[in-house]
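Listed below, chain by chain, are the residues.
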Amino acid sequence: MPVDIDATVIANRRLSADYNVLALAAPEIAAAARPGQFVMIKTSRGQDPLLRRPFSIFEVLRDAAGRPSGVSIFNKRIGVGTTLLSQVEAGARLPLLGPLGKPFEPVDPPAEAWMIAGGVGLAPFATLAQAVTARGVKSTLFYGARRGDELFYLDFFRRLGVELVLTTEDGSLGERGRVVAPLDRRLAALPPAASVVLSACGPEGMLAAAARTALKYGRPCEVSVERIMGCGLGGCYSCVVPMRGDDGAVHHVRSCIAGPVLKADQISWD
């Protein structure tokens, strides 16, 4: 069950002018969190903004004894709420609700885990990479951004032994272009008997392209959808996603409850 706490800000690590990682003391949430789940955070103690904002759990923090002690979120400054989170200082207290949502399904050897991230879609893959590495699963991260200076935490993934396939739209780091292009080539070259499970998070256009690519090669794929959420508990219906049932009919699910991790081939991307 999710818990609602006042979380103390441990640190605010600024990665660039627009990106930061906010660490929060939340042992109850950290102990229960699974890769792909999220939290709802109130970005200020006042009334503006009024509603909380959803963020994937980026890292599960641990104390010196290895016990879960908190979580971090990966933030990009875009609007009022994210700007406040980029400026908050250590010692501040912010209302935090979580963990929420459906996580990624576990992967076991000999299957490989291929993660596809676009921009802040990197957020759920730090914990997922740690989880699959602990299970002895070989993993690859396909990670794309607009520029090389917007690709973060590369050494973190390298230390875990994750293979990195990097793309940038301007060609400043890795391959020039979109992240799905090398994914398509790698899937095309994969022997039919090889087992891979795809997980994707990022802009919806990228998710749709990754889903279609996975379907083309008959590979299972889960996506973590990004939706505006007012409550995170299914009460406001602001985060619905159209999905196809076994009969082909489209119905709508609340991504905060049925997701945010959903089967890519069941989403209606049209």
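So, a few notes on the structure that sits alongside this text. What you see is a predicted model, and the numbers here were worked out from it, not measured in a lab. Throughout, a residue's number is its position along its own chain's written sequence, starting from 1. Local features in a predicted model are, by the rule used here, given only for residues with pLDDT of at least 70; side-chain atom pairs are given and counted only at 80 or more, and totals for whole chains, interfaces and linings are based on all residues. Side-chain figures throughout are based on the complete set of non-hydrogen atoms in the structure, without hydrogens or water.

Moving on: the packing of aromatic side chains. One pair of aromatic rings is described through two measures. These are the centre distance and the angle between the planes. For this analysis, a ring pair means two rings from Phe, Tyr or Trp (six-membered ring only for Trp) whose centres lie within 6.5 Å, classed as stacked if their planes differ by under 30 degrees, edge-to-face if by over 60, and tilted for the remaining angles. Under the criterion given, the structure shown has 9 aromatic pairs. Both rings, one in Trp114 and one in Phe142, keep their centres 5.5 Å apart while their planes meet at 50°; by these two values the pair is tilted. Here Trp114 is found in strand E8 (residues 112–118), whereas its partner Phe142 is found in strand E9 (residues 139–145), with 28 residues between them in sequence. Just as Trp114 is buried, Phe142 falls in that class too. A network of ring pairs unites the aromatic residues Tyr19, Phe58, Phe74, Phe152, Tyr153, Phe156 and Phe157 as a single cluster. In our convention, an over-ring charge means Lys NZ or Arg CZ found within 6 Å of a ring centre and within 35 degrees of that ring's normal. Note that Arg186 overlies the ring of Trp114, its terminal NZ or CZ placed 5.6 Å from the centroid. A helix here means a DSSP run of H or I that spans at least four residues, while a strand means a run of E at least two residues long, and both kinds are numbered starting from the N terminus. We call a residue buried when its accessible area falls under 20% of the maximum for its residue type, exposed when it is over 50%, and partly exposed in between, using a 1.4 Å probe and counting protein chains only.

Within the secondary structure layout, Leu24 lies in strand E2 (residues 19–25). For Leu24, a relative accessible area of 0% puts it in the buried group. As a C-alpha pair, Leu24 and Ile116 span 92 residues in sequence and 26 Å in three-dimensional space. We call two residues contacting when some pair of their heavy atoms lies within 4.5 Å. Non-local contacts of Leu24, meaning those with residues more than four positions away in its chain, are made with Ala7, Thr8, Val9, Ile10, Ile41, Leu61, Ser69, Gly70, Val71 and Leu96.

Moving on to the pattern of salt bridges. We define a salt bridge as a contact between a side-chain nitrogen of Lys or Arg and a carboxyl oxygen of Asp or Glu at a distance within 4 Å. All chains considered together, the criterion is met by 18 salt bridges. Arg14 serves as the salt-bridge partner of Glu89, at 3.6 Å between the closest nitrogen and oxygen. With a gap of 75 residues between them, Glu89 in the loop between helix H2 (80–87) and strand E7 (93–100) and Arg14 in strand E1 (residues 3–14) connect regions that are remote in the sequence. Accessibility expressed as a relative area gives 45% for Arg14, which makes it partly exposed. Across the salt bridge formed by Lys102 and Glu105, the nearest N and O atoms sit 3.9 Å from each other. A relative accessible area of 41% means that Glu105 is categorised as partly exposed. Via salt bridges that share partners, Lys102, Glu105, Glu222 and Lys263 belong to a single interconnected network.

Turning our eyes to something else, we now look at the sheet that holds E7. When DSSP finds two or more bridges between two strands, those strands count as paired. Judged by pairing direction, the sheet is antiparallel, and its 7 strands sit side by side in the order E4-E3-E7-E1-E2-E6-E5 without closing on themselves. Two strands bound the open sheet, and with one partner strand each, they are strand E4 (53–56) and strand E5 (59–62). Each adjacent strand pair in this sheet contributes to an overall mean axis angle of 40°, direction not counted. Pairing of E1 with E7 involves 6 bridges; the strand directions are antiparallel. Bridged to Val3 within E7 is Gly98. The axes are straight lines fitted to the C-alpha atoms, using for helices just the contacting stretch, and the angles between their N-to-C directions are given from 0 to 180°.

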